[in-house]
Amino acid sequence: MTGAGASAGHGFKVLAPWYACERGHFDRFDPSAHPPVLQKYASAEFVRDLVADPRDSLRFDPDEDVWSYPVPVALADRGPGRARFATHQLVRTRLRKLYQPSHERFYAVVVELFCDRPGLPRPQSAEGLEVGFVMRRRHVEMDAPPKVLRTLSRRLTAELLAAKGQGGPDTGPYLSEAPDVLWADLAHRTAFEDAHRELLDQVDLKKETRAWMAGAAGGQWRRLGEPPAPGRPQDREQELPMWRLPARSGDCAHAAPPPPQRSLWFGVVPTASADHDDQGAPKLDDRSVYELRCFVRSAPRPGHEHCPPRTSWSRPTEPFRLASFFDPEGTKNRKTSITLPDFRAVAARAAAPPGPGGVAITSPPGSQLSFDPGGGTPSGGSVGGTTARTCTFALEIFMIVAFFVFSLFLPIVVFLFQLWWLLALRFCLPPSLEAAAALKAFFDGTRTLADMGRAETEAFDELLGAKGAGARLKDASDAFAPEDLDDLVDLVTPPATAPVPLPPLPEPPVDDPLCEGG
């Protein structure tokens, strides 16, 4: 945001907002107040909530809001029930993770401005100020013998699991992922570096901070201070705007005299982007570590218009990574509901003349597919056509066929690749409690899937929602030990009712010390 007029001839301190200091039990003179604050929200209307009261945001969850990576779990180390079929577990680092808007998570960066003078007085005017922030990427190149990387990543995995009170497998991430894992954690803390100095000394670590430089030719990540690339002399670091938060009329209503007005500013943190660099790589990805830095640019004082603007920078925010689009801990926050077409209503509509709606598909000349479906085994395929041909289909046809294809191939994928944990990621309501009870009674620890009769295979068909699924499980009897079958029934038994999401916890309320003369 840019204001009009001229500012005083001093710089600014760009610090954490007062309520972050109150919650952390430190003041604006403490080094803990130097980084700007990231705030989390669960509604696309978060800016309205932020403007109404910047103190009201959501807590960062110590488990869900940190970057994690999967490691394999041996069968002997798995828990009972559904956990019996989870072949991997997540190892949670201390690095912050920000989710995408598609995950129903949104973020703001908030700062409070102070005059860079003794006592850090509060500015009372925004005239002549431009406040914004930049997003930067922490880049690392790690070169070390594979054995060193593997040992470090295993030790780090064991320490992170132990910190959460979990047993650790004697393994780590894939070797190809080891540099990612190590850098994600080392970017946030130094304790691990000190404890494993003898191994880290064998790692050639080159770290640098990169800025997104944009111009007429597009954008690219470039090392800070690196000269512009040939042919791109006008590239500048991309700056994102921040806006001043209005004073709240209800704050300090009984204070006399009225306290000085705070200078709070916020910006919207981008967690997804359609931009790519000149090499085709995405601007934002889920493998890099990012940080934000806020700035205040003040116009020259009257009579000094020939001088350049003065820019004051904040310290970097805490480093963070971005969740991928298909991050399971993000996708669980957003539910998509679809009702399949009602066959009866569609059949009734077929009696009426065609309407103007539907999906019109035009096949160009030489692009029309012709074949004999052959009762499920296509044959006699050819490509032809001398004129364009347009066919219009009711939208319902696409949904009916698409769901049929999905239902056909889901069990094939599960059984062909033995991805039994996929069965835990679907359920149908209302559940068939009778089928689950019958299977629980049948598998007493001595019987196997091969011992199932027609009643048991049909019970599995009922729970899995697929005819013939029980017979396929019976054929795969060798994949399950008798003691695992009770857990298998738990895996495929849906909950009694649809799961109700737990709302994220809000940050605790705090009172403004200015109301008490602070």
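Owing to the predicted nature of the structure, the values given are computational and were not obtained by experimental measurement.

Caption draft 1: Focus on the overall build of the protein chain. The number of helices and strands found in the protein chain is 13 helices and 19 strands. Compactness check: the protein chain gives a C-alpha radius of gyration of 30 Å against a globular reference of 24 Å for 518 residues, more than 25% above the reference. Along the first, second and third principal axes, the C-alpha atoms of the protein chain reach 90 × 65 × 60 Å. Per-residue burial for the protein chain yields a buried fraction of 37% across its 518 residues. Long-range contacts, defined here as pairs at least 24 residues apart, represent 73% of the contacts in the protein chain between residues at least 6 apart. Total accessible area computed for the protein chain in this model is approximately 28,800 Å², and 57% of it derives from carbon and sulfur atoms. With 58 positive and 66 negative side-chain charges, the protein chain shows a separation of 3 Å between the mean positions of the two kinds.

Caption draft 2: Structural view of the confidence of the model for the protein chain. Looking at the protein chain, pLDDT values average 88 and 92% of them are 70 or higher. Predicted confidence in the protein chain is weakest over helix α5 (residues 191–195), with a mean pLDDT of 69, and strongest over strand β2 (residues 37–41), with 98. This stretch, residues 1–7, has a pLDDT under 50; its non-local contacts, to residues over four places away or in other chains, come to 27 contacts.

Caption draft 3: Representation of the packing of helix α10 (residues 433–442) against helix α13 (residues 485–492) within the structure. Closest axis-to-axis distance for the α10/α13 pair is 9 Å, and the angle between their directions is 170°. Between α10 and α13, the interaxial angle falls into the category roughly antiparallel. Every residue of α13 that contacts α10 at Ala436, Leu439 and Lys440 is listed here: Asp486, Val489 and Asp490.

Caption draft 4: Representation of empty space enclosed by the protein in the model. Per the stated rule, a full pass over the model turns up 1 cavity of 30 Å³ or more. There is about 40 Å³ of room inside the largest cavity. Every residue along the wall of the largest cavity is listed here: Met135, Trp212, Trp221, Gln238, Leu240 and Lys283. In the lining of the largest cavity, the residues fall into 4 nonpolar, 1 polar and 1 charged.

Caption draft 5: Structural context of the environment of phenylalanine 46. Here phenylalanine 46 is to be found in helix α2 (residues 46–52). A sequence separation of 62 residues divides phenylalanine 46 from alanine 108, and the C-alpha atoms of the two residues are 8.8 Å apart. With near-sequence residues (within four places) excluded, phenylalanine 46 lies in contact with Tyr41, Phe106, Tyr107, Ala108 and Val268.

Caption draft 6: View of the packing of α10 against helix α11 (residues 454–464). In contact at an axis separation of 9 Å, α10 and α11 are set at 135° when each is read in the N-to-C sense. Taken together, α10 and α11 sit at an angle that is classed as oblique. In the packing of α10 onto α11, the handedness of the crossing is left-handed. Contacts between α10 and α11 involve Ala435, Ala436, Leu439 and Phe442 from the first element and Glu456, Ala459, Phe460, Glu462 and Leu463 from the second. For the contact of α10 with α11, the class distribution of residues is 7 nonpolar, no polar and 2 charged.

Caption draft 7: A look at the nonpolar core. Counting 29 residues, the largest nonpolar core has Val109, Leu113, Met242, Leu292 and Phe320 as the members making the most contacts within it. Looking at this core, the elements that each hand over two or more residues are β1 (12–15), β5 (106–115), β6 (129–143), β13 (289–298) and β15 (320–322). What phenylalanine 320 contacts, discounting residues up to four positions off in sequence, is Leu38, Leu95, Arg96, Leu98, Met135, Ser288, Val289, Tyr290, Glu291 and Leu292. Judged by nonpolar contacts, the second largest core, of 26 residues, contains Leu449, Ala459, Leu464 and Ala476.

About the cut-offs
- Residues numbered from 1 in each chain as written.
- Predicted model: local features only at pLDDT ≥ 70, side-chain atom pairs only at ≥ 80, totals over all residues.
- Heavy atoms only, no water.
- Helix = DSSP H or I, 4+ residues; strand = E, 2+ residues; numbered from the N terminus.
- Rg over C-alpha atoms; globule rule 2.2 N^0.38 Å.
- Buried < 20%, exposed > 50% of the residue type's maximum accessible area, 1.4 Å probe, protein only.
- Contact = heavy atoms within 4.5 Å.
- Areas by Shrake-Rupley, 256 points an atom, 1.4 Å probe, with all protein chains shown as cover.
- Lys, Arg positive; Asp, Glu negative; His and termini not counted.
- Charge placed at Lys NZ, Arg CZ, Asp CG, Glu CD.
- pLDDT = per-residue confidence, 0-100.
- Axes fitted to C-alpha atoms, helices over the stretch in contact; angles between N-to-C directions.
- Parallel < 35°, antiparallel > 145°, perpendicular 65-115°, else oblique.
- 1 Å grid on protein atoms, 1.4 Å probe; cavity = no way out; pocket = protein on both sides within 12 Å on 5 of 7 lines; lining within 4 Å.
- Points joined across faces, edges and corners; volume = space filled by probe spheres on them.
- Nonpolar A, V, L, I, M, F, W, Y, C, P; charged D, E, K, R; others polar.
- Left-handed = near helix turned anticlockwise from the far one by under 90°.
- Core = buried A, V, L, I, M, F, W, Y, C linked by side-chain atoms within 4.5 Å.

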